There are 2 protein chains.
Amino acid sequence: MTKGQPMSDAASRRPTVYDVAQEAGVSIASVSFAFRRPERISEATRERVLAAARRLGYAPSAAARGLANGRTGTLGLHAFDLMLERADPRDVTPPRSDARSPLDAASIIPWSQSDDETLADPRAFPLYVDEVQRGFALECWMLGRPVMLSSGSDSDVSVADTAGRVDGLAIFPSPVLPAALLRMPATIPTVLFSVAPGDDPHHRVRVDNAGGMSALIDHLVGDHQYDDVAFVGRQEGFDNSERFREYRASLMRWGLRPRDEPIDGTVRGPHRMLEQLGALHVRGALPRVLVCASDQHALMALDALAGLGVRVPDEVAVTGFDGILAGRLSTPTLTSVRQPMEAMGRAAARILAGTAGALPDGHARFDAVFAPRVVLRRSCGC
Amino acid sequence: MTKGQPMSDAASRRPTVYDVAQEAGVSIASVSFAFRRPERISEATRERVLAAARRLGYAPSAAARGLANGRTGTLGLHAFDLMLERADPRDVTPPRSDARSPLDAASIIPWSQSDDETLADPRAFPLYVDEVQRGFALECWMLGRPVMLSSGSDSDVSVADTAGRVDGLAIFPSPVLPAALLRMPATIPTVLFSVAPGDDPHHRVRVDNAGGMSALIDHLVGDHQYDDVAFVGRQEGFDNSERFREYRASLMRWGLRPRDEPIDGTVRGPHRMLEQLGALHVRGALPRVLVCASDQHALMALDALAGLGVRVPDEVAVTGFDGILAGRLSTPTLTSVRQPMEAMGRAAARILAGTAGALPDGHARFDAVFAPRVVLRRSCGC
DNA sequence: TTGTACGCGTTATCAT
DNA sequence: ATGATAACGCGTACAA
């Protein structure tokens, strides 16, 4: 077969420029121009080409275009361990879409109410990542760029795979990230969410944890006069660590002694929080305030305290961090430090879109640090 | 330059198999095998290749791979008029990510509280599409496939563009959809959400509107004895029309007379609902119940009634449809008919993943019809 | 086990 | 304005 000629059975394949060109009686260049360079072609042939394309159901292959001009036009958002902090979707019965129900005999599919409640629980959605993702998608929509969402637990492979599909990539934080981060190719612009500044070539979008935490502590100590304030949450990841550090620093500025041992609380899995708080409770050693590393920790603490019969905020006050929606639905409503999550997602998209065309070693590395804001609700005693 | 040889300045470009092959001292086939066919290569050379790839920051180009083997591995989700029913993100001040703030002198970015509230309003997020999208993304995650999110108002171009990027495509309903639908290439498996059955080659995922509506009317008339029930919402799109039709049919089965003129209510833009309800109110002609085409309509109706000083549900009862989260946050809480949105999104993904490899004219066309469920809350008088 | 050569579908560069 | 042709980077028969 001669190079560049259309294959014989045009019917069974996805149509290509060759098929359209033949159908319209023009060359493949004219087909391409009809779609991408309307000004370089006569209106008459353009119409002929478009009609032929429509007749054949032709859709240009993004893969070929991407190969030809070296860019995909897509921006990516990657999560290493997507949903690890949520209900595992594998626990939920998959809908029976594999049951063969032809169109003319559609059977009505029932669903498990409990499964639906698991998925629709505001404590599981929308979370921090969902709001950031929404901001990212909104901005990409405005920029006219498709968004590629990807995830994977094997850090290297999955991120490299995604990197090969997009012109720019934003990455959610993860415990496994730092190592993978260093190996990350600097070949496309990359934004890291909530990662400490460093020497690597990647951009940053993060929040001023210290400012938010110190404002929160100032409120708790200054306004409420609380003097026994504990921290809940393991120190893993940049955000949690920075929040813990500033929790200690702020208390010490007020002349108070922080509890050195933060109360551990894993957000997912069999959690030890009830256990730990229960132990403190029987010893009568519960702190007056639980400052939690995130809203998810705080909501778990509310559950645990309710289970122990401890009244919030009268006996123990609780605060969160992030400002997710579920904090507005809890009982009592949750005092928190809100991050502008949508704005952060949008910022990441703009950074990528702006630097996607630039040189790989573009010396302008962004570090967008957003100011969080204390949101006072009931759980702190307000 | 000879065909197939690496270019001279390997440093300034994204590295390719040629660069890696040269670096590792092997052929490009070995590089490819090292990544895709580990069993067909010796462990030693594989290690050499992977090390070289890491050194160079090599990420395989998805475009080239997609072109070579004819599939992208990605599933797509397309919305024609994404966010048309939400706050226009262009109204929101973009975050100042374009301000050059080098990493070593990060300035803290303030943000507008009102903008953040607009974006974080539960009435704007998560909506129906967001929950479906989440289900779609969850299922794709389980299937190990990336997701491509796209949107565009120009129906033909944008959907064709997306179709060229994915192995299968799910499409949200839209007023402009029917026309574009017919022109859609059947070249890749396609799922249409909430579209009436038809002769086209596309799959369907939808909800049993009639069953849901009749159950709702049965509750309102049978349990609450309401006899003056009006419908709110324009009859556009498959879901709204079917709901209106069944609203009429159900009432007539109960021997009641439906109001023929549904109260118009556009979800976005300067809405006429307050105006219309106000006119009915001054005439003392408000219906006893407002059955709304969607939760978004119902929430607007609640606002309008509150503005008129009409008590819900004592004077006028209100019901919605869909079961979005915002209905749990309204005052009073909203009685609705919930769709299993996540399950629908997951079903779409499974259908696409299952048929992506099949023949284009695969005769198994799915029509997954999910059973909705009445959710009783306060706004109906319960 | 490893290397060579070609095709995938598009865009861009040149001629005409 | 239109046509011919060479990249683009990867997968993979096929040859060695």
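Residues numbered from 1 in each chain as written. Chains lettered and ligands numbered in written order. Predicted model: local features only at pLDDT ≥ 70, side-chain atom pairs only at ≥ 80, totals over all residues. Heavy atoms only, no water.

## Some remarks on the protein's contact with DNA strand D
For step 1, the next point in the chain: DNA strand D sits among 26 residues. The nearest are A:Ser30, A:Thr45, B:Val17, B:Ser32 and B:Tyr58.
For step 2, the next point in the chain: Taking all atoms of DNA strand D within 4 Å of the protein, the share assigned to sugar and phosphate is 71%.
For step 3, the next point in the chain: In this structure, a phosphate oxygen belonging to DNA strand D sits 2.9 Å away from a main-chain N or O atom of A:Ser42.
For step 4, the next point in the chain: Mapped onto the surface near DNA strand D, the elements with two or more residues apiece are helix H2 (28-36) and helix H4 (62-69) of chain A together with helix H1 (17-24), helix H2 (28-36) and helix H4 (62-69) of chain B.
For step 5, the next point in the chain: Tallied by class, the residues present in the surface near DNA strand D amount to 15 nonpolar, 7 polar and 4 charged. (Near = heavy atom within 4 Å. Polar contact = N/O pair within 3.5 Å; in protein donor to acceptor, adjacent residues only side chain to side chain. Helix = DSSP H or I, 4+ residues; strand = E, 2+ residues; numbered from the N terminus. Nonpolar A, V, L, I, M, F, W, Y, C, P; charged D, E, K, R; others polar.)

## Quick notes on the sheet that holds strand E9 (residues 317-319) of chain A
All names here are of chain A.
For step 1, the next point in the chain: The strand order E7-E8-E9 describes an open sheet built from 3 strands, whose pairing is parallel. What marks the edges here is a single partner per strand, and that holds for strand E7 (229-232) and E9. Averaged over all pairs of adjacent strands, the angle between their axes in this sheet comes to 20°, without regard to strand direction.
For step 2, the next point in the chain: Bridge count between strand E8 (residues 289-292) and E9: 3 bridges; the pairing is parallel. Counted as the bridge partner of Val-291 is Thr-319 from E9. (Pairing = 2+ DSSP bridges. Axes fitted to C-alpha atoms, helices over the stretch in contact; angles between N-to-C directions.)

## Some points on helix H5 (residues 113-120) of chain A
For step 1, the next point in the chain: For H5(A), the set of buried residues is A:Asp115, A:Asp116, A:Leu119 and A:Ala120. Projection of H5(A) onto a plane perpendicular to its axis shows the buried side chains occupying an angular sector of 125°, all on one side. (Buried < 20%, exposed > 50% of the residue type's maximum accessible area, 1.4 Å probe, protein only. Arc of directions from axis to C-beta.)

## A look at the UniProt feature "domain: HTH lacI-type" (unreviewed entry) in chain A
For step 1, the next point in the chain: Within this numbering scheme, the UniProt entry marks residues 15-69 of chain A as carrying the feature "domain: HTH lacI-type" (unreviewed entry).
For step 2, the next point in the chain: When the span residues 15-69 of chain A is considered, its composition is 71% helix and 0% strand, and the gap between its end C-alpha atoms is 21 Å. (UniProt positions renumbered as here; feature names shortened; annotations may be inferred.)

## What about the nonpolar core?
For step 1, the next point in the chain: Ranked by internal contacts, the top residues of the largest apolar core, which has 105 residues, are A:Phe136, A:Leu290, A:Val318, B:Phe136, B:Leu290 and B:Val318.
For step 2, the next point in the chain: For A:Leu290, the contacting residues outside a window of four places in its chain are A:Ala230, A:Val232, A:Ile263, A:Leu277, A:Ala301, A:Leu305, A:Val316, A:Ala317, A:Val318 and A:Thr319.
For step 3, the next point in the chain: Ranked by size, the runner-up nonpolar core spans 23 residues in total, among them A:Ala59, A:Ile188, B:Phe80 and B:Ala160. (Core = buried A, V, L, I, M, F, W, Y, C linked by side-chain atoms within 4.5 Å. Contact = heavy atoms within 4.5 Å.)

## So, the pairing of strand E7 (residues 229-232) of chain B
Residues and elements named next belong to chain B.
For step 1, the next point in the chain: The alternating pattern of E7 places Val-229 and Phe-231 on one face and Ala-230 and Val-232 on the opposite face, and all of these are buried.
For step 2, the next point in the chain: Sheet topology places E7 next to strand E8 (residues 289-292); 4 bridges connect them, and they run parallel. Across the sheet, residue Phe-231 finds its bridge partner in E8, namely Val-291.

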